[in-house]
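Architecture and fold: a report
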Amino acid sequence: GWVRSVRSQKEVLFLHINDGSSLESLQVVADPSLEKDLTFGSAVEVQGKLVKSPHRMQNMELQAETIRVVGPCDTWSFPLKMKERHPLEYVRQFPHLRCRNNTLGALLRIRSEATAGIHSFFQDKGYVHIHTPIITSNDCEGAGELFQIGVSWGKESAEKTHFFHVPAFLTVSGQLHLEVMAGAFTHVFTFGPTFRAENSQSRRHLAEFYMVEAELSFTESLQDIMQVMEDLFKTVTSTVLSKCPHDVELFHKYIAPAQKVMHVTGKNCNPVVLFSSSCRISYSEAVEILKQASQTFTFKPEWGCDLQTEHEKYLVKHCGEVPVFVVNYPYDLKPFYMRDNEDGPQHTVAAVDLLVPGVGELCGGSLREERLPFLESRLQRLGLTDAYQWYLDLRKFGSVPHGGFGMGFERYLQYILGVDNIKDVIPFPRFSHSCLL
């Protein structure tokens, strides 16, 4: 493992060694004559006898017979210092070394358990895991914030030809590919990297992040989609809390403002309780709440406009700092694939966003438009009929009512751990003007 602390006394030498498997380090007791080149950060191999520890702080300790320094560490130039609690902004400067910091180590173990928990949740419920492509010719959101793929052909060839003969992009969502699969499997999910070329340095945005997405066939109810969102959150959070209690505690003790996560981890509370008081409002109700707010918003709330982060946070606060489902958004605000509610005079689609304290939007989903005439006329108006002929085919050959959602994995981690900046919940953050390593 790696040396986390060295304490030399006249008679005895104490080392704490950590191998990354947990927050707890193993205490090594040795003869001071074995101290050669032992510094904070150095990699060592220790052989000896594992015995019951006389101290209350640990169960076992290792009485060393031999200590070999596998990789020395120059503590003067090593940017992490022993027994110092470095701010997350400081360690962010060292993407190649920050995983050795306690906080990032805890985060990466939590990420690993949460990832396993997500896969277990879906597979236990009979979902088929689909590897949706990272390179795509679709713009799923219609947002235009895409990374286009180019090929570095070298100086000889100055020809600007497309490698794929069509423009290709890094995916912004696996949803459309999941919809293809939902024509053969009743429940499918994907979990992988997604990319948005958003020129934003905010605490909520990354250029590369992970998305959990699911698609359910034979569903005609937004409630079904909301239930899966809720069950996913509860199950994965319970898994994380039971598998990584010390790692989670480190965040709640030293990183997170207490009120942000008390709903998730309060002593008498758990993730199941968290959603028992969740709030469900329509988009129209949300706009009315915002219009009546005493707070002045940077973006004036109007029916037909998208909800901004400041609006989302106010709605969560208004509902008592609990998760808030906002349903039925304006037709013109949402992409072509969302199901028309055929209502009026305010025309809406069957869409849902889940807003949570401290983060804002965590999940977004909808029922998909399975009715061919509705979809044809909408694509025609948008001039997208040719590009989405294959999507229309899905409605011609054995189509069923279906729906789905996506959850931003990093935002989920931000929420349950109370981490303020999304750049601190991913191993190698990519955002505008920054791609270190």
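Owing to the predicted nature of the structure, the values given are computational and were not obtained by experimental measurement.

Cut-offs and rules
Residues numbered from 1 in each chain as written. Predicted model: local features only at pLDDT ≥ 70, side-chain atom pairs only at ≥ 80, totals over all residues. Heavy atoms only, no water. Helix = DSSP H or I, 4+ residues; strand = E, 2+ residues; numbered from the N terminus. Buried < 20%, exposed > 50% of the residue type's maximum accessible area, 1.4 Å probe, protein only. Contact = heavy atoms within 4.5 Å. Areas by Shrake-Rupley, 256 points an atom, 1.4 Å probe, with all protein chains shown as cover. Lys, Arg positive; Asp, Glu negative; His and termini not counted. Charge placed at Lys NZ, Arg CZ, Asp CG, Glu CD. Core = buried A, V, L, I, M, F, W, Y, C linked by side-chain atoms within 4.5 Å. Domains from an automatic or database assignment. Phe/Tyr/Trp six-rings, centres within 6.5 Å; stacked < 30°, edge-to-face > 60°. Lys NZ or Arg CZ within 6 Å of the ring centre and 35° of its normal. 1 Å grid on protein atoms, 1.4 Å probe; cavity = no way out; pocket = protein on both sides within 12 Å on 5 of 7 lines; lining within 4 Å. Points joined across faces, edges and corners; volume = space filled by probe spheres on them. Nonpolar A, V, L, I, M, F, W, Y, C, P; charged D, E, K, R; others polar. Pairing = 2+ DSSP bridges. Buried area = accessible area lost by both parts, 1.4 Å probe. Salt bridge = Lys/Arg side-chain N within 4 Å of Asp/Glu carboxyl O. Polar contact = N/O pair within 3.5 Å; in protein donor to acceptor, adjacent residues only side chain to side chain.

Attention now goes to the overall build of the chain. Assigned secondary structure in the chain consists of twelve helices and 15 strands. Along the longest, intermediate and shortest principal axes, the C-alpha atoms of the chain span 85 × 65 × 45 Å. Evaluated residue by residue, the chain yields a buried proportion of 49% over its 437 residues. Across the chain, the fraction of contacts at a sequence separation of at least 24, relative to all contacts at a separation of at least 6, is 66%. Carbon and sulfur atoms provide 53% of the accessible area of the chain, an area that totals close to 22100 Å². Side-chain charges in the chain split into 43 positive and 51 negative, and the spacing between the mean points of these groups amounts to 7 Å.

A few words now on the nonpolar core. In terms of nonpolar packing, the biggest core is built from 61 residues, with Ile118, Phe122, Leu232, Phe405, Met407 and Tyr412 touching the most fellow members. Examining the composition of this core, we find that nine residues originate from one element, helix H4 (residues 222-243), more than from any other. Three or more residues apiece are contributed to this core by two domains, here domain 1 (2-78) and domain 2 (102-152 + 161-424). Ile118 has contacts with Phe191, Val212, Leu232, Val236, Met407 and Phe409, leaving out every residue within four places of it along the chain.

Another point: the packing of aromatic side chains. Within the structure shown, the criterion is met by 19 aromatic pairs. Both rings, one in Phe336 and one in Tyr337, keep their centres 5.5 Å apart while their planes meet at 75 degrees; by these two values the pair is edge-to-face. Phe336 sits in the buried class, given a relative accessible area of 6%. Taking the centre distance of 5.5 Å and the plane angle of 85 degrees together, the rings of Phe336 and Tyr391 count as edge-to-face. Taken as a pair, Phe336 in the loop between strand E12 (324-330) and strand E13 (348-356) and Tyr391 in helix H11 (residues 389-396) lie far apart in primary sequence, 55 residues in all. On the basis of relative accessibility, which here comes to 0%, the residue Tyr391 falls in the buried class. We note Arg111 situated over the ring of Tyr210; from NZ or CZ to the ring centre the distance is 5.5 Å. In this structure, Lys334 packs its charged tip against the face of Tyr329, placed 4.4 Å from the ring centre.

This part is about the layout of surface pockets. Of the pockets and cavities examined, the largest pocket occupies roughly 1600 Å³. Lining the largest pocket we find 45 residues, and of these Arg4, Asn18, Leu23, Ser25 and Asn102 sit closest to its centre. Of all the elements in the fold, those that place two or more residues in the lining of the largest pocket are strand E1 (2-8), strand E2 (13-18), strand E3 (26-30), helix H2 (102-124) and helix H5 (245-255). Take the lining of the largest pocket: its biggest share by element is six residues, from H5. By residue class, the composition of the lining of the largest pocket is 18 nonpolar, 16 polar and eleven charged. Mapped onto the domain boundaries, the lining of the largest pocket takes at least three residues apiece from domain 1 (2-78) and domain 2 (102-152 + 161-424).

Turning next to the sheet that holds strand E6 (residues 128-129). Whenever strands of a sheet pair, they do so through backbone hydrogen bonds, lying parallel or antiparallel. The eight strands lie next to each other as E6-E9-E10-E15-E14-E13-E12-E11, forming an open sheet whose pairing is mixed. Pairing within the sheet leaves two strands with one partner each, and these edge strands are E6 and strand E11 (279-282). Sheet topology places strand E9 (residues 187-195) next to strand E10 (residues 208-217); nine bridges connect them, and they run antiparallel. Looking at the pairing, His187 lines up with Leu216 of E10.

So, on to the pairing of E9. When you tally the buried positions in E9, you get eight out of nine residues, the bulk of the element. Inspection of the sheet shows E6 paired to E9 by two bridges, in the parallel sense. Across the sheet, His129 pairs through a bridge with Phe189, a residue of E9.

Another aspect to go through is the domain arrangement of the chain. Once the domains are mapped, the chain shows domain 1 (2-78) and domain 2 (102-152 + 161-424). Tallying the contact residues gives five residues for domain 1 and five residues for domain 2. Between domain 1 and domain 2, a total of about 440 Å² is buried, with carbon and sulfur atoms accounting for 52% of that surface. Across the contact surface, domain 1 and domain 2 share zero salt bridges. At the junction of domain 1 and domain 2, the tally comes to two residue pairs in polar contact (both at pLDDT 80 or more). Of the residues contributing to the side of domain 1 that touches domain 2, the split by class is one nonpolar, three polar and one charged.

Mapped onto the elements, Leu170 comes out in strand E8 (residues 169-170). Here Leu170 falls in the partly exposed class, since its relative accessible area comes to 22%. A C-alpha to C-alpha distance of 6.2 Å links Leu170 and Thr136, two positions 34 residues apart in sequence. Residues within four places of Leu170 in sequence aside, it is in contact with Ile134, Thr136, Leu146, Phe147, Ile149 and Phe195.

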